[in-house]
Amino acid sequence: DAGITQSPRYKITETGRQVTLMCHQTWSHSYMFWYRQDLGHGLRLIYYSAAADITDKGEVPDGYVVSRSKTENFPLTLESATRSQTSVYFCASSEVGVFEQFFGPGTRLTVL
Amino acid sequence: KNEVEQSPQNLTAQEGEFITINCSYSVGISALHWLQQHPGGGIVSLFMLSSGKKKHGRLIATINIQEKHSSLHITASHPRDSAVYICAVRSAGNQFYFGTGTSLTVIP
């Protein structure tokens, strides 16, 4: 199906474990973004990518790693999960030069 | 301090009422985006503005660049409009900032 998908939708893990959240879009949008959403903070940008093999830090990148070897995929890895990374994670994409972003359904991550 | 402030944080209205949600920002922007987040969590784009006014159905969005302010209006509100409305801006320096959202509940 066309659009932007995220997997898994729900994940429970333990402190110290590595976790990878997947994001896939079928529009061939150049830009992709990862956000986290926490109560009282709104959406905060973790990392973004302007194209394959081009990534840049956002507001809250510490503890996260991204890669983008293909235009359609933008995985987010928590190398050693911490309780403070319990959050809802949203992936989004947009065309070059267009601010309007299209969001995935979100992944609810709980770190115990 | 947030670069984007929304008011009110929470809003309850009776069905049929005219609703206004406000967004003020402190940075120079190239564009402003209104988003709707459904109770199930999904986020959809409503409007993208860089000047003036846009209308889509019962929704109207306005922006005043000089005053660094935008409003989202909902005419003839309906319970299905119940959601969180989020204002986001892209700064002139290509940074993205989001408001914390306005939670709207429309009562039948």
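Not measured: the values here are computed from a predicted model.

S.K.: Tell me about the overall build of chain B, and please be specific about residues and values.
M.R.: Check the secondary structure of chain B and you find zero helices and 11 strands. Each helix and strand of chain B, ordered N terminal to C terminal, gives the series β-β-β-β-β-β-β-β-β-β-β. Its C-alpha atoms put chain B at 45 × 25 × 20 Å along the principal axes. The proportion of buried residues among the 108 residues of chain B is 44%. In chain B, the proportion of contacts linking residues at least 24 apart, taken out of those at least 6 apart, comes to 54%. For chain B, the centre of its 8 positive side-chain charges and the centre of its 6 negative side-chain charges are spaced 10 Å apart.

S.K.: I'd love a proper account of the interface of chain A and chain B, names of residues and values included.
M.R.: Each partner contributes to the interface: chain A provides 14 residues, whereas chain B provides 17 residues. At the boundary of chain A with chain B, total buried surface from both sides reaches about 1,500 Å², with 67% on carbon and sulfur atoms. Here chain A and chain B share zero salt bridges between them. Joining chain A to chain B, the criterion identifies two residue pairs in polar contact (both at pLDDT 80 or more). Secondary-structure elements contributing two or more residues to the side of chain A that touches chain B are β4 (31-38) and β5 (42-51) of chain A. In the side of chain A that touches chain B, the residues fall into eight nonpolar, five polar and one charged.

S.K.: So what's going on with the pairing of β4 of chain A? Which residues, and what values?
M.R.: Regular strands place their side chains on alternate faces of the sheet. Residues and elements named next belong to chain A. Burial within β4 is extensive, with six of its eight residues counted as buried. Of the strand pairs in this sheet, β4 and strand β9 (residues 87-94) are connected by seven bridges, and their pairing is antiparallel. Looking across to β9, one finds that Tyr 31 is bridged to Ser 94. Looking at chain direction, β4 and β5 are connected through seven bridges and run antiparallel. Looking across to β5, one finds that Met 32 is bridged to Ser 49.

S.K.: Please set out the packing of aromatic side chains residue by residue, giving values where relevant.
M.R.: For the coordinates displayed, the defined rule picks out nine aromatic pairs over all chains. Plain terms: the ring middles of Tyr 31 of chain A and Phe 33 of chain A are 6.1 Å apart, the flat faces sit at 15° to each other, and that makes the pair stacked. With a relative accessible area of 22%, Tyr 31 of chain A lands in the partly exposed category. On the numbers, 5.8 Å between centres and 35° between planes, the contact of Tyr 35 of chain A with Phe 103 of chain A is tilted. With a gap of 68 residues between them, Tyr 35 of chain A in strand β4 and Phe 103 of chain A in strand β10 (residues 102-103) connect regions that are remote in the sequence. Exposure class is identical for Tyr 35 of chain A and Phe 103 of chain A. Each is buried. What links up through ring pairs into an aromatic cluster is the set Tyr 31, Phe 33, Tyr 35, Tyr 48, Phe 90 and Phe 103 of chain A together with Phe 96 and Phe 98 of chain B.

S.K.: Lay out the sheet that holds strand β8 (residues 69-74) of chain B with the relevant residues and their values.
M.R.: Residues and elements named next belong to chain B. Here five strands make up an open sheet; going across it, the order is β1-β3-β8-β7-β6 and the pairing antiparallel. If you trace the sheet from one side to the other, it starts and ends with β1 (4-7) and β6 (52-56), each paired once. Within this sheet the neighbouring strands show an average axis-to-axis angle of 15°, counted without direction. Relative to β8, strand β3 (residues 19-25) runs antiparallel, the two sharing six bridges. Residue pairing in the sheet places Ser 24 in a bridge with His 69 of β8.

S.K.: Describe the pairing of β3 of chain B, with residues and values.
M.R.: Residues and elements named next belong to chain B. Taking every second residue as pointing to the same face, the buried face of β3 carries Ile 19, Ile 21, Cys 23 and Tyr 25, while none of Thr 20, Asn 22 and Ser 24 on the other face is buried. Strand direction decides the pairing type here: β1 and β3, joined by four bridges, are antiparallel. Its bridge partner being in β3, Val 4 is matched across the sheet by Tyr 25.

S.K.: With reference to specific residues and values, describe the side chain of Ser 71 of chain B.
M.R.: Residue and element names in this part refer to chain B. Counting through the fold element by element, Ser 71 comes out in strand β8. Among the polar contacts listed, one links the side chain of Ser 71 to the side chain of Asn 22, at a separation of 3.0 Å. Each residue touching Ser 71, except ones within four places of it in the same chain, is listed here: Thr 20, Ile 21, Asn 22, Trp 34, Ile 60, Ala 61 and Thr 62.

Rules used in this analysis
Residues numbered from 1 in each chain as written. Chains lettered and ligands numbered in written order. Predicted model: local features only at pLDDT ≥ 70, side-chain atom pairs only at ≥ 80, totals over all residues. Heavy atoms only, no water. Helix = DSSP H or I, 4+ residues; strand = E, 2+ residues; numbered from the N terminus. Buried < 20%, exposed > 50% of the residue type's maximum accessible area, 1.4 Å probe, protein only. Contact = heavy atoms within 4.5 Å. Lys, Arg positive; Asp, Glu negative; His and termini not counted. Charge placed at Lys NZ, Arg CZ, Asp CG, Glu CD. Buried area = accessible area lost by both parts, 1.4 Å probe. Salt bridge = Lys/Arg side-chain N within 4 Å of Asp/Glu carboxyl O. Polar contact = N/O pair within 3.5 Å; in protein donor to acceptor, adjacent residues only side chain to side chain. Nonpolar A, V, L, I, M, F, W, Y, C, P; charged D, E, K, R; others polar. Pairing = 2+ DSSP bridges. Phe/Tyr/Trp six-rings, centres within 6.5 Å; stacked < 30°, edge-to-face > 60°. Axes fitted to C-alpha atoms, helices over the stretch in contact; angles between N-to-C directions.

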